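Descriptive structure summary
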Amino acid sequence: MKKKLLAVVLAGAMTLALAACGGGGAGSSTPGGSSQPEGSSSQGQTGSALKVGVFYYNFADAYISTVRTAMDAELTALGVEFQNFDGQTNQANQTDQINTAITDGYNLLIVNVVENASPDAAQNVADAAKAQGIPVIFFNRDFDASVLQSYENSAFVGTDPAEAGHIQGQAIGEYLLANYDAVDLNGDGVISYVMFKGQEGNPEAEMRTQYGVEDADAVLTAAGKPALQFYDANNTQKYLVDQTGAWSAQAATDYMNTILGQYNDGNGNMVELVIANNDNMAEGAISALQSVGYNVEGGDKTIPVYGVDALATAVEKIDAGIMTGTVKQDGEAMAATIAALVKNVMDGAELMANTDSYNVDADSAKIRVPYSMYTAG
């Protein structure tokens, strides 16, 4: 099927050419300790003075895995010594890892903070880095601008938390208008949906949950159609959250299996739309749907399912007609942007030097990597 990318993609200036490839310094870590490298990172003359710690909230997160692969390649190409650390979705673990790394002489921190429902964790990292004069580059998990404003040698590379929700909601609304009768399985004139939320308090999860529905409703109501209806009238929140905060496929599969026990073809109230905060949860929902004969490749029963990230497995499902759409979060572009800031540190320049062509917030050193929409057609 023909692929459509429906949004602005990063300009070529945001991508650093890779001078080499490989997995220098990548590995798993134990709580509070450093990880053991799977391979040695190359060291060039300009990079030899840098000892970089890269702290991920969770190696197991599928999207974060794409960032880590790209980041390993970027840092290897720059010739810096680096080490990856797995926070295992535990802020205390990650905080210990960062403090130990500072003691061990790491002089540049790249941090995918575990907890961002409040700015406290990021602020603690910024304070620790500032006390030692160490630059810190936060990424992916957004937080209040006050953290960066408190330390001039800090920056953030991520996305606009609301953008994915707006893009997803618009795409859902347009798809439903074009296919309304087919999606309205029980013919009651209203589309029932389930929303899978990744984590409470996370800005990306909050915005995707809000605008994925609000923007779809705006498209529908403008065309004279009723707003979406959450499948369970007793759920006033109108979403189901992964209680582990891991945005996991398993959480969505478990929820969906429970839902299908009551909301199904036999009862005439089948859920008619799945909206998920990420592709992991979207694919988990699909797994449950397939167990009852929906969303099977080549089958004649399909529930529209939308996610975020454009993971390779989700793209394959979209091309096969199993999944409907995903909002691309560009892990390679995020890694390349971070590498550009690392290069500034290597060159002795200010952390945010040479970023005029990037989408930078007006009030803080936050660089926004744009999203785009992926569907099949």
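1. Some details on the nonpolar core
Counting 115 residues, the largest nonpolar core has Phe138 and Met256 as its most contacted members. Per element, the largest residue contribution to this core is ten residues, and it comes from helix α11 (residues 331-346). Ignoring any residue separated from it by four or fewer positions in sequence, one finds Phe138 in contact with Val111, Ala122, Val125, Ala126, Phe143, Val147, Leu148, Ala155, Phe156 and Val157.

2. Thoughts on helix α3 (residues 120-132)
Under the 1.5 Å per step criterion, the end-to-end length of α3 is 19 Å for 13 residues, consistent within 8% with the ideal 18 Å. Three or more residues of α3 are buried, namely Ala121, Ala122, Val125, Ala126 and Ala129. Taken down its axis, α3 places every buried residue within 135° of arc, on the same side. Exposed and facing more than 90 degrees away from the buried side of α3 are Asp120, Asn124 and Ala131. Where α3 is buried, its residues meet α2 (91-103), β4 (108-111), β5 (136-139) and α4 (146-149). Looking one or two places after α3, you find Gly133, whose phi comes out positive at around 65°.

3. Details of the packing of α2 against α3
Relative to each other, α2 and α3 sit at 5°, their axes nearing to 11 Å. Viewed along their axes, α2 and α3 adopt a mutual orientation that is roughly parallel. The segment α2 lies against α3, with Gln91, Ile98, Asn99 and Ile102 engaging Ala121, Val125, Ala128, Ala129 and Gln132. The residue inventory of the contact of α2 with α3, partitioned by class, reads six nonpolar, three polar and no charged.

4. Considering the environment of Ala121
By secondary structure assignment, the location of Ala121 is in helix α3. The class of Ala121 is buried, set by a relative accessible area of 11%. Along the chain, Ala121 and Val147 lie 26 residues apart, while their C-alpha atoms are 9.7 Å from each other. Not counting residues within four places of it along the chain, the set of residues in contact with Ala121 comprises Gln91, Val113 and Glu115.

5. Comments concerning the pairing of strand β3 (residues 81-86)
Along β3, five of the six residues are buried, which leaves the element largely enclosed by surrounding structure. Bridge analysis of strand β2 (residues 51-56) against β3 gives six bridges, and the strand direction is parallel. Bridged to Gly53 within β3 is Gln83. Taken together, β2, helix α1 (residues 62-78) and β3 constitute a β-α-β crossover, and its handedness is right-handed.

6. Examining the side chain of Asn344
By the secondary structure assignment, Asn344 is in helix α11. Within the structure, the side chain of Asn344 is placed 2.8 Å from the backbone oxygen of Ala353, a separation counted as a polar contact. Those residues in contact with Asn344, other than ones at most four positions away along the chain, are Ala349, Glu350, Leu351, Met352, Ala353 and Asn354.

7. Side note on the environment of Asp319
Here Asp319 is to be found in helix α10 (residues 312-319). Between the C-alpha atom of Asp319 and that of Glu297, which follows or precedes it by 22 residues, the distance is 10.0 Å.

8. Looking at the pairing of β4
The two faces of β4 match: Leu108 and Ile110 on one face and Leu109 and Val111 on the other face are all buried. Pairing of β2 with β4 involves four bridges; the strand directions are parallel. Note on β4: the bridge partner recorded for Gly53 is Leu109. Note that the unit made of β4, α3 and β5 has a crossover that is right-handed.

9. Thoughts on the packing of helix α9 (residues 279-290) against α10
Where α9 meets α10, the axes come as close as 9 Å, and the angle between the chain directions of the two elements is 50°. Classified by the angle their axes make, α9 and α10 are oblique. Once α9 is placed against α10, the crossing between them reads as left-handed. In this structure, α9 contributes Asp279, Glu283 and Ile286 to the contact, and α10 contributes Thr313, Ala314 and Lys317. Grouping the amino acids of the contact of α9 with α10 by side-chain chemistry returns two nonpolar, one polar and three charged.

10. Some details on the packing of aromatic side chains
All chains considered together, the criterion is met by eleven aromatic pairs. Centroid distance Phe55 to Phe85: 4.6 Å. Interplanar angle 15°. Geometry classified as stacked. On the criterion of sequence distance, the pair formed by Phe55 in strand β2 and Phe85 in strand β3 is long-range, its members being 30 residues apart. Among the residues examined, Phe85 registers a relative accessible area of 2% and is labelled buried. Where Tyr175 meets Tyr306, the ring centres are 6.3 Å apart and the plane angle is 75°; that geometry is what we call edge-to-face. Residue Tyr175 is located in helix α5 (residues 161-178), and its partner Tyr306 is located in strand β11 (residues 305-309); the two are separated by 131 residues in the primary sequence. Here the aromatic cluster, defined as three or more aromatic residues joined through ring pairs, consists of Tyr193, Phe230, Tyr231 and Tyr263. If you follow Arg141 out to its NZ or CZ, it ends over the ring of Tyr57, 3.9 Å from the centre. Here the guanidinium or amino end of Lys366 rests over the ring plane of Phe156, the centre of that ring lying 5.7 Å away.

Criteria and thresholds
Residues numbered from 1 in each chain as written. Predicted model: local features only at pLDDT ≥ 70, side-chain atom pairs only at ≥ 80, totals over all residues. Heavy atoms only, no water. Core = buried A, V, L, I, M, F, W, Y, C linked by side-chain atoms within 4.5 Å. Buried < 20%, exposed > 50% of the residue type's maximum accessible area, 1.4 Å probe, protein only. Helix = DSSP H or I, 4+ residues; strand = E, 2+ residues; numbered from the N terminus. Contact = heavy atoms within 4.5 Å. Expected span 1.5 Å × (residues − 1). Arc of directions from axis to C-beta. Axes fitted to C-alpha atoms, helices over the stretch in contact; angles between N-to-C directions. Parallel < 35°, antiparallel > 145°, perpendicular 65-115°, else oblique. Nonpolar A, V, L, I, M, F, W, Y, C, P; charged D, E, K, R; others polar. Pairing = 2+ DSSP bridges. Right-handed = clockwise from strand over helix to strand, strands pointing away. Polar contact = N/O pair within 3.5 Å; in protein donor to acceptor, adjacent residues only side chain to side chain. Left-handed = near helix turned anticlockwise from the far one by under 90°. Phe/Tyr/Trp six-rings, centres within 6.5 Å; stacked < 30°, edge-to-face > 60°. Lys NZ or Arg CZ within 6 Å of the ring centre and 35° of its normal.

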